[in-house]
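Remarks on the overall topology
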Amino acid sequence: MEKFYRIPKMDIQLLREGSLKADRQYVRKPNDAYEVLKGYFTGKTQEHFLILMLNTKNRIVGVSTVSVGTVDSALVAPRDVFVRALSSGCTSILIAHNHPSGESTPSKEDIALTHRLTEAGKLLQIPVLDHVVIGDDEYTSLKEQGII
């Protein structure tokens, strides 16, 4: 008697969980990302790490929260970022997170994470266009800082 095993068939699908109201649908410069995301981050007392998923024309096709952390950190793994990017069919991403302290200066951990994600994006052919750190009424673009 032959023995058979049932192996689950799986597929990946992103679920739409509402929407984010924005006054623009394209990200052409870091300020565009800031304007799209600043309302989302207002009043947050924990770090939230998001990705904006973009098409070939830099039109936002989606936004996804990758991690919600503590008052001064959020755990982010490249696989958690890029599974969303790959599932959305986007061609590039912009990453962003807030600093609840209000200061938008990137930490050394922010810079190290940016380098890891940028390298992973190159391998997967989904470039990381920028990493925007959002504080109180200010932001810092790691691209503008020459880090990306």
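Residues numbered from 1 in each chain as written. Predicted model: local features only at pLDDT ≥ 70, side-chain atom pairs only at ≥ 80, totals over all residues. Heavy atoms only, no water.

1. Examining the nonpolar core
One finds Phe49, Ile51, Val81, Phe82, Ile93, Ile95 and Leu117 to be the most contacted residues of the largest nonpolar core, which totals 16 residues. Among the secondary structure elements, those contributing two or more residues to this core are strand S1 (48-54), helix H2 (78-88), strand S3 (92-98) and helix H3 (108-124). With residues near it in sequence (within four places) discarded, Phe49 still touches Ser64, Thr65, Val66, Ser67, Val76, Val81, Ile95, Ala96, His97, Leu113, Leu117 and His131. Ala33, Leu37, Leu52 and Ala96 belong to the second-largest nonpolar core, a separate cluster that totals 14 residues. (Core = buried A, V, L, I, M, F, W, Y, C linked by side-chain atoms within 4.5 Å. Buried < 20%, exposed > 50% of the residue type's maximum accessible area, 1.4 Å probe, protein only. Helix = DSSP H or I, 4+ residues; strand = E, 2+ residues; numbered from the N terminus. Contact = heavy atoms within 4.5 Å.)

2. Remarks on the sheet that holds S3
With mixed pairing, the 5 strands of this open sheet are ordered in space as S2-S1-S3-S4-S5. Of all the strands in the sheet, just strand S2 (60-68) and strand S5 (139-141) have a single pairing partner and so form its edges. When strand polarity is set aside, the average angle formed by the axes of neighbouring strands in this sheet is 20 degrees. Examined bridge by bridge, strand S4 (residues 128-134) and S5 share 3 bridges and lie antiparallel to one another. Note that in S5 the partner of Ile134 across the bridge is Tyr139. (Pairing = 2+ DSSP bridges. Axes fitted to C-alpha atoms, helices over the stretch in contact; angles between N-to-C directions.)

3. Re the pattern of salt bridges
For the coordinates displayed, the defined rule picks out 5 salt bridges. Where Arg24 meets Asp32, a salt bridge forms, and the shortest distance between an N and an O atom there is 2.9 Å. Judged by relative accessible area, Arg24 falls into the partly exposed class, the value being 27%. Between Glu119 and Lys122 there is a salt bridge; the shortest N-O distance is 3.3 Å. A residue pair is termed a helical-turn pair when its members lie 3 or 4 positions apart in one helix, as Glu119 and Lys122 do in helix H3 at 3 residues. (Salt bridge = Lys/Arg side-chain N within 4 Å of Asp/Glu carboxyl O.)

4. Things to note about the pairing of S1
Counted residue by residue, S1 has 7 buried out of 7 residues, so it is predominantly covered. Covered by surrounding structure in S1 are His48, Leu50, Leu52 and Leu54 together with Phe49, Ile51 and Met53, the residues of both alternating faces. Both S1 and S2 contribute to a ladder of 7 bridges, which runs antiparallel. Bridging across to S2, Phe49 finds its partner in Ser67. Count of turn residues in the S1/S2 antiparallel hairpin: 5 residues, of which Asn58 carries a positive phi of about 65 degrees.

5. A short note on the packing of aromatic side chains
Scanning all chains against the criterion turns up 2 aromatic pairs. Positioned above the aromatic ring of Tyr26 is the side chain of Arg28, whose terminal nitrogen or guanidinium carbon lies 4.5 Å from the ring centre. We note Lys44 situated over the ring of Tyr40; from NZ or CZ to the ring centre the distance is 4.5 Å. (Phe/Tyr/Trp six-rings, centres within 6.5 Å; stacked < 30°, edge-to-face > 60°. Lys NZ or Arg CZ within 6 Å of the ring centre and 35° of its normal.)

6. Quick look at H3
End to end, H3 covers 24 Å across 17 residues, agreeing with the expected 24 Å (1.5 Å per residue, within 8%). Considered for burial, the residues of H3 that qualify are Asp110, Leu113, Thr114, Leu117, Thr118, Ala120 and Gly121. The buried residues of H3 occupy an angular sector of 165 degrees when projected down its axis, which confines them to one face. What points out from H3, more than 90 degrees from its buried face, is the exposed set Lys108, Lys122 and Leu123. Lining the buried residues of H3 we find S1, H2, S3 and S4. Just beyond H3, the residue with positive phi is Gln125, at close to 60 degrees. (Expected span 1.5 Å × (residues − 1). Arc of directions from axis to C-beta.)

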